[in-house]
2 protein chains.
Amino acid sequence: MAQATDKPVVGVDLGGTKVLSGVVDRDYKVLATAKRATKGETGVDAVVERIAKTVRDAVREAGMDFGDIAGVCSAAPGALNPEDGIVRLAPNIEGWEDVPFAKLLSDQLSGVPVFIENDANLGALGELTLGAAQGVKNMVGIFVGTGIGGGIVLDGKIWRGSHMTAGEIGHMVVLAEGPVCGCGNRGCLESVASRTAIERDIRLGLRTGRQSMMPELMKKDSRERLTSGIIAQAYQARDPLVYEVITRAQHYLGIFIGSVINFIDPDMVVIGGGVAEALGEAYVEPVRDVAYQYAMNRKDARNVQIVLARLEDHAALLGAAVYARQRLSRRA
Amino acid sequence: MAQATDKPVVGVDLGGTKVLSGVVDRDYKVLATAKRATKGETGVDAVVERIAKTVRDAVREAGMDFGDIAGVCSAAPGALNPEDGIVRLAPNIEGWEDVPFAKLLSDQLSGVPVFIENDANLGALGELTLGAAQGVKNMVGIFVGTGIGGGIVLDGKIWRGSHMTAGEIGHMVVLAEGPVCGCGNRGCLESVASRTAIERDIRLGLRTGRQSMMPELMKKDSRERLTSGIIAQAYQARDPLVYEVITRAQHYLGIFIGSVINFIDPDMVVIGGGVAEALGEAYVEPVRDVAYQYAMNRKDARNVQIVLARLEDHAALLGAAVYARQRLSRRA
């Protein structure tokens, strides 16, 4: 292997609320991480500067010089072109439209090579290389968070589609005429199965006086947030409101996965993201049962594995490290 | 090119109700065709014999000897393995489960090479090679008939998936909790947009006394069938019942295509099948408008072409001829 790729790389997970950077060695061990709020409202340049700072913080935290780093890869939540390094549109970060992100970040980082890729694609790549889907040829990664992101792997490679927009699974319709989605349509997967949909339904229940232990649990959080951890606690205690809401979200996610199986017929579907990780196998099991009922080829449906992601919070960061190494060795 | 592939081949379109065979020369000109009823109730061996007869009829009709034929390829409506020639399950033909179709047909045809492939896959291959999608890399073919079949082309090749079951788009869910589908689930694409769904809704309207010109039009057919031609006539005349039913089917097909764009991001979606062909562009236009609204990347949605299939009744037959040539040249 070329020498450049023996050095560590830095993976960055840029999200709508926070930036996480990690120094990752050639065996994919995370040596150190650093975190900051994204603060999209401060503008593109300020956000890029904050990202550059978390990269330098992580490198310092690992006891290294920036010169020890072979390259950087940042995940971004949106449509982008990994070849020219431009983020076309990242709807969850203010003003991120046609941003030459790779160049801007490289300029802030002494010209080190910077690559970018969609966060769900990197999550899928991470699971494929280091997580639940190692050795799998055809795989769909589903990451349930504020939205729902998808990463499609075909013949061992990320499938980007004809216009770099493949994997927008959050806006595939499962319940036409269903709840209004953030995108303006109705019944998208996100509108019935995302963390946002779950929170919407729980808050509606609370507002209308449905019986729940949630008010009690939320008081323990200083900002009365509905965290994934609290939701998991209430689900495990069979809180009637939360249990119903989560069960409904699982039902629609299961139907969706059945449809994905019918379309692309993968070896494996990997489910990750906050709620899935907080609930673990208890979240995946009902989803799996529904999915197999909706797979057309029912007799052999279980040939398609449906499993929990393994890399948890570090999926995109590690995927970014994998992708950085792939791109660096392409250059070497 | 090897000499074997200069000879004509015979393409066969095996459906639940009829068998169509055609002799196709090396320039993909259909020299002659022959047709018979499938009569699935007569059993697998009798059906294979009838298929063999239509093949010989078409060859005779073309003024040829059977020895002039390089090979045969038959489309079949179901899950099958083109490599071992076994039809795993063809739900619309009685008793077709684990049938070694290629071998049985070859035995009936003096041992000539016989290949088989799924009908929607061949429809897509036909459109790709000779029809609306020539030169296109990534394409999804949607064939709306009794059911709804799909053929996925990625990087110029039919995508079969990990277990040869990809493209079962008829059983992807678009309206969860919607109408019961033949598969036992609810809200599959077939249950809201197939010819069967359209006929169900028209007949329900007629039974419950809704205003329509359909009874008048149907009288002209000796068996009072609801043919695609009659449906098209009523739609064009803006018959209130038929227009509403077709508009609803178009709405759901459009939503579905938007979802397909969000998932796989193709260059083109090709729509074929009886109703689509009978109505032509009038059928596709409203579908296209809805699909572009449901494509996440709205600004550039029109980069994905949504067009009518071109090969009409001969799509699967010509696709079969293309596939037979591909397989024969693989051998040569």
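## Quick notes on the packing of aromatic side chains
Residues and elements named next belong to chain A. Scanning the model with the defined rule gives five aromatic pairs over all chains in all. Between Trp96 and Phe101, the aromatic rings sit 5.0 Å apart at their centres with planes inclined by 75°, giving edge-to-face as the arrangement. Accessibility classification places Trp96 together with Phe101 in one group, the buried group. Here the basic side chain of Arg56 rests over the ring of Phe66, its NZ or CZ set 4.9 Å away from the ring centre.

## Thoughts on the sheet that holds strand 4 (residues 72–76) of chain B
Residues and elements named next belong to chain B. Spatial ordering of the open sheet is given by 3-2-1-4-8, a layout of five strands whose pairing is mixed. A strand with exactly one partner marks an edge of an open sheet, and here the two such strands are strand 3 (30–37) and strand 8 (114–118). Across the sheet, the mean angle separating the axes of adjacent strands is 20° when strand polarity is ignored. Pairing of strand 2 (residues 18–24) with strand 3 involves seven bridges; the strand directions are antiparallel. Looking at the pairing, Gly22 lines up with Thr33 of strand 3. Running at roughly 150° to strand 3, helix 1 (residues 44–61) makes contact with strand 1 (9–14), strand 2, strand 3 and strand 4 of the sheet. Contacts between helix 3 (residues 119–130) and the sheet are confined to strand 4 and strand 8, with strand 8 contributing the most and set at about 95° to the helix.

## Regarding the side chain of Ser228(A)
Residue and element names in this part refer to chain A. Of note, Ser228 is situated in helix 7 (residues 228–236). Ser228 sits in the buried class, given a relative accessible area of 16%. Setting aside its immediate chain neighbours within four residues, Ser228 contacts Arg195, Gly274, Val275 and Ala278.

## Details of the packing of helix 5 (residues 195–207) of chain B against helix 8 (residues 240–264) of chain B
All names here are of chain B. Two numbers describe how helix 5 lies on helix 8: the axes approach to 10 Å, and their chain directions differ by 150°. Considering the angle they form, helix 5 stands roughly antiparallel to helix 8. For the pair helix 5 and helix 8, the crossing hand works out as right-handed. In this structure, helix 5 contributes Ile198, Asp201, Ile202, Gly205 and Leu206 to the contact, and helix 8 contributes Leu241, Val242, Val245, Ile246, Arg248 and Ala249. Considered class by class, the residues forming the contact of helix 5 with helix 8 number eight nonpolar, one polar and two charged.

## Things to note about the interface of chain B and chain A
In this assembly, 48 residues from chain B lie in contact with 48 residues from chain A. With both chains or domains summed, chain B and chain A bury close to 4300 Å², and 52% of this area falls on carbon and sulfur atoms. For the pair chain B and chain A, the interface holds four salt bridges. For the salt bridge of Arg88(B) with Asp300(A), the shortest nitrogen-to-oxygen distance reads 2.9 Å. For the side of chain B that touches chain A, the secondary-structure elements that each account for two or more residues are strand 10 (148–154), helix 8 and helix 10 (281–294) of chain B. In terms of residue count, helix 8 of chain B provides more of the side of chain B that touches chain A than any other element does, eight residues in total. A per-class count over the side of chain B that touches chain A returns 22 nonpolar, 14 polar and twelve charged.

## Let's talk about the confidence of the model for chain A
Looking at chain A as a whole, its pLDDT mean stands at 94, while 99% of the residues score no less than 70. In the predicted assembly, ipTM is 0.93 and pTM is 0.94.

## Details of the sheet that holds strand 10 (residues 148–154) of chain A
Residue and element names in this part refer to chain A. Read across the open sheet, the five strands follow the order 11-10-9-12-13; overall the sheet is mixed. What marks the edges here is a single partner per strand, and that holds for strand 11 (157–158) and strand 13 (305–308). Direction of pairing for strand 10 relative to strand 11: antiparallel, over a ladder of two bridges. Along strand 11, the bridge assignment pairs Val153 with Ile158.

## Digging into the nonpolar core
If you look at the biggest cluster of nonpolar residues, it comprises 116 residues, and the most contacted ones within it are Leu253(A), Ile257(A), Leu253(B) and Ile257(B). Contact partners of Leu253(A), with chain neighbours within four places excluded, come to Ile142(A), Val144(A), Leu189(A), Ala193(A), Ile271(A), Tyr283(A) and Val287(A).

## Here's the deal with the relation of the copies chain B and chain A
The two copies are related by a screw operation: chain B maps onto chain A through 180° of rotation and 0.0 Å of translation along the axis, at an RMSD of 0.0 Å. Given the turn and translation reported, the copies of this chain are related as if by a two-fold rotation axis. Here 100% of the contact residues of chain B are again contact residues in chain A; the copies associate through an equivalent surface.

## Some words on the pattern of salt bridges
Residue and element names in this part refer to chain A. Here the structure, examined in full by the defined rule, presents 35 salt bridges over all chains. Among the salt bridges present, the one from Arg330 reaches Glu83, with a minimum N-O distance of 3.4 Å. A residue pair is termed long-range when its members are at least 10 positions apart, and Arg330 in helix 11 (residues 315–331) and Glu83 in the loop between strand 5 (79–81) and strand 6 (86–89) qualify at 247 residues. Lys103 is the salt-bridge partner of Asp107, the closest N and O atoms lying 2.7 Å from each other. Taken together, the positions of Asp107 and Lys103, both in helix 2 (residues 101–108) and four residues apart, correspond to about one turn of that helix. You can call Lys103 exposed: its relative accessible area is 53%.

## What about the side chain of Asn138(A)?
Here Asn138(A) is to be found in the loop between helix 3 (119–130) and strand 9 (139–144). Judged by relative accessible area, which is 5%, Asn138(A) ranks as buried. Looking at Asn138(A), its side chain comes within polar contact range of the main-chain nitrogen of Asp155(A), at 2.8 Å. Beyond its immediate sequence surroundings of up to four residues, Asn138(A) is in contact with Val153(A), Leu154(A), Asp155(A), Pro266(A), Asp267(A), Met268(A), Trp159(B) and Ser162(B).

## Looking at helix 5 (residues 195–207) of chain A
Residues and elements named next belong to chain A. Taking 1.5 Å of rise per residue, the 13 residues of helix 5 would be expected to cover 18 Å, and the 18 Å separating its terminal C-alpha atoms lies within 8% of that figure. Its buried side turned inward, helix 5 meets strand 9, helix 4 (189–193), helix 6 (214–219), helix 7, helix 8 (240–264) and helix 9 (274–279). Phi for Gly209, located one or two positions after helix 5, is positive at around 80°.

## Regarding helix 5 of chain B
Residue and element names in this part refer to chain B. Arg195, Ala197, Ile198, Asp201, Ile202 and Gly205 are the residues of helix 5 that are buried. For helix 5, the buried positions fall inside an angular range of 165° around the axis, keeping them on one side. Looking at the buried residues of helix 5, the elements they touch are strand 9 (139–144), helix 4 (189–193), helix 6 (214–219), helix 7 (228–236), helix 8 and helix 9 (274–279).

## Notes on the state of the cysteines
Note: disulfide means a covalent bond formed between the sulfur atoms of two cysteine side chains. Residue and element names in this part refer to chain B. Evaluated as defined, the whole model comprises zero disulfides over all chains. No disulfide involves Cys188; its sulfur sits 3.7 Å from that of Cys183, the nearest cysteine. With relative accessibility at 0%, the residue Cys188 sits in the buried group.

## Here we look at the packing of helix 1 (residues 44–61) of chain A against helix 2 of chain A
All names here are of chain A. Between helix 1 and helix 2, whose axes approach to 9 Å, the crossing angle comes to 55°. One way to sum up the angle between helix 1 and helix 2 is to call them oblique. Relative to helix 2, helix 1 is oriented so that their crossing is right-handed. Between helix 1 and helix 2, the residues in contact are Val44, Asp45, Val48, Glu49, Ile51, Ala52 and Arg56 and Phe101, Leu104, Leu105 and Gln108, respectively. Among the residues forming the contact of helix 1 with helix 2, the class breakdown is seven nonpolar, one polar and three charged.

What counts and how
- Residues numbered from 1 in each chain as written.
- Chains lettered and ligands numbered in written order.
- Predicted model: local features only at pLDDT ≥ 70, side-chain atom pairs only at ≥ 80, totals over all residues.
- Heavy atoms only, no water.
- Phe/Tyr/Trp six-rings, centres within 6.5 Å; stacked < 30°, edge-to-face > 60°.
- Buried < 20%, exposed > 50% of the residue type's maximum accessible area, 1.4 Å probe, protein only.
- Lys NZ or Arg CZ within 6 Å of the ring centre and 35° of its normal.
- Pairing = 2+ DSSP bridges.
- Helix = DSSP H or I, 4+ residues; strand = E, 2+ residues; numbered from the N terminus.
- Axes fitted to C-alpha atoms, helices over the stretch in contact; angles between N-to-C directions.
- Contact = heavy atoms within 4.5 Å.
- Parallel < 35°, antiparallel > 145°, perpendicular 65-115°, else oblique.
- Left-handed = near helix turned anticlockwise from the far one by under 90°.
- Nonpolar A, V, L, I, M, F, W, Y, C, P; charged D, E, K, R; others polar.
- Buried area = accessible area lost by both parts, 1.4 Å probe.
- Salt bridge = Lys/Arg side-chain N within 4 Å of Asp/Glu carboxyl O.
- pLDDT = per-residue confidence, 0-100.
- Core = buried A, V, L, I, M, F, W, Y, C linked by side-chain atoms within 4.5 Å.
- Least-squares fit on C-alpha atoms with pLDDT ≥ 70 in both.
- Polar contact = N/O pair within 3.5 Å; in protein donor to acceptor, adjacent residues only side chain to side chain.
- Expected span 1.5 Å × (residues − 1).
- Arc of directions from axis to C-beta.
- Disulfide = S-S within 2.5 Å.

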